[in-house]
Amino acid sequence: MKENRIYNFNAGPATLPLGILEEIRDSFLNFKGSGMSITEISHRSKWFDDVINDAIERTKRLLNLNENFHVLFLQGGASMQFCMIPMNFLREGMSADYVNTGIWSTKAIKEAQIQGKQIRVAASSEDKNFSYIPENVQFSDNAVYVHITSNNTIKGTQWASFPDTGSIPLVADMSSDIMSRPVNADKFGLIYAGAQKNIGPAGVCMVIIRDDMLKMAPDRLPSMLKYTTFASKNSMYNTPPCFAIYTIQLVLKWLEETVGGLDKMGEINRKKGRLLYDFIDSGSFYKGTAEPESRSMMNVTFRIKDENLEKLFIQESLKNGFSGLKGHRSVGGCRASIYNATTIEAVETLVDFMKTFERKNG
Ligand SMILES: *Cc1c(COP(=O)(O)O)cnc(C)c1O
């Protein structure tokens, strides 16, 4: 560990590559010779233009997006998308299908219903406490889109492959697994992700939207809640969150140039996931909470068989230099979030700690 940094397993905001934090620090007072920091320069400057355009180009290359896709940076977090999606895509008489795989999906459904939009819950895993991803879901022929949460940050499940929706565009909340593995974007009409889990700091939401979806917006929508407003102004209709977008640009550069792309990233993430799950499965002291075939490679949720030991586990983990291993406040238990920037070494160190804890308390 360098510079008094701890092993950060937080769910979000979450760990970022150390080299990027150092680069930000080193260039902070004088960004690219401007004599100003990135938080002080105009978003209309050439300096910032280069940043946002580079972030867009790298996103397109990493995800292999064709020319029909726009990459946007919006505020309001992923939560704002819960309301904007039905607002922009569902006109009078239209309806959409949602798959409910957890707390975030439930919120997305609620925000559509609040607006009086017609939606159908095509499948749900609520019957088993959201511990699995539904299979063979039947979608409505007339659905305008199908909404899914690709990775369920709180419950620790993830779609291993995406459902077949025929010609209906998929809309996906990828907040906690965007850029963690290769994705065939052709199935998607819109992908969104709050940046603070896997690609940057809080304060910005990446939205990837297909051209034909832009045309669906009703005319009478507030400008700030309309995708076309941002698509027509390269995300600079108003002042964008410059610092957050700059950090994303550096993370995407790291993904392309240091990691070597999303195939490589996916391999590393699977390796990290396997290290933890294999260890959890190897004994009976710890127990994974998600069904094995639905397990997330980003958020590993588990319990200690004797749940009374969980408090001690969290206390000991903090003393030993680990942060963020407590489960979400709504579900309890333990969770290790192992996003892109979490190193294999960090996961190995966590496994060692878990072994030691088991030896002492098992
Ligand atoms: C964190 C999270 C959200 C909420 O993101 P905000 O940017 O805080 O609105 C939504 N969906 C998923 C899957 C998340 O992990």
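Source: prediction; values computed, not measured.

(A) Highlighting the overall build of the protein. Secondary structure assignment for the protein yields ten helices and 14 strands. Its C-alpha radius of gyration of 21 Å places the protein within 12% of the 21 Å reference for a compact globule of 362 residues. Here the protein holds 362 residues, and 57% of them are scored as buried. In the protein, of all internal contacts separated by at least 6 residues, the share reaching a separation of at least 24 is 67%. A total accessible area of about 16200 Å² is found for the protein, and carbon and sulfur atoms account for 48% of it. Here the protein carries 42 positive and 40 negative side-chain charges, and the mean point of each set is 3 Å from the other.

(B) Broad picture of the pairing of strand β2 (residues 69–74). Counted residue by residue, β2 has five buried out of six residues, so it is predominantly covered. Across six bridges, β2 lies against strand β10 (residues 205–210) in antiparallel orientation. Looking at the pairing, His70 lines up with Ile209 of β10.

(C) Quick peek at the pattern of salt bridges. On inspection of all chains with the given rule, the structure shows 14 salt bridges. Asp54 is the salt-bridge partner of Arg58, the closest N and O atoms lying 2.8 Å from each other. With Arg58 and Asp54 both in helix α2 (residues 46–62) and four residues apart, the pair spans about one turn of that helix. Salt bridges sharing common partners tie together Asp54, Arg58, Arg61, Glu256 and Glu257.

(D) Looking closely at the site of the ligand. Around the ligand sit 13 residues in total, of which Ser79, Thr153, Asp173, Gln196 and Lys197 are the nearest. Ala78 is positioned such that a nitrogen or oxygen atom in its backbone is 3.0 Å from an oxygen atom of the ligand. Asp173 has a polar side-chain atom sitting 2.6 Å from a nitrogen atom of the ligand. Within the complex, 87% of the 390 Å² of free accessible area of the ligand lies under protein. Ranked by residue count, the leading element in the shell around the ligand is helix α3 (residues 77–89), at four residues. In terms of residue class, the shell around the ligand is built from three nonpolar, eight polar and two charged.

Calculation notes
Residues numbered from 1 in each chain as written. Predicted model: local features only at pLDDT ≥ 70, side-chain atom pairs only at ≥ 80, totals over all residues. Heavy atoms only, no water. Helix = DSSP H or I, 4+ residues; strand = E, 2+ residues; numbered from the N terminus. Rg over C-alpha atoms; globule rule 2.2 N^0.38 Å. Buried < 20%, exposed > 50% of the residue type's maximum accessible area, 1.4 Å probe, protein only. Contact = heavy atoms within 4.5 Å. Areas by Shrake-Rupley, 256 points an atom, 1.4 Å probe, with all protein chains shown as cover. Lys, Arg positive; Asp, Glu negative; His and termini not counted. Charge placed at Lys NZ, Arg CZ, Asp CG, Glu CD. Pairing = 2+ DSSP bridges. Salt bridge = Lys/Arg side-chain N within 4 Å of Asp/Glu carboxyl O. Near = heavy atom within 4 Å. Polar contact = N/O pair within 3.5 Å; in protein donor to acceptor, adjacent residues only side chain to side chain. Nonpolar A, V, L, I, M, F, W, Y, C, P; charged D, E, K, R; others polar.

Worth remembering: the numbers are spatial, not functional.
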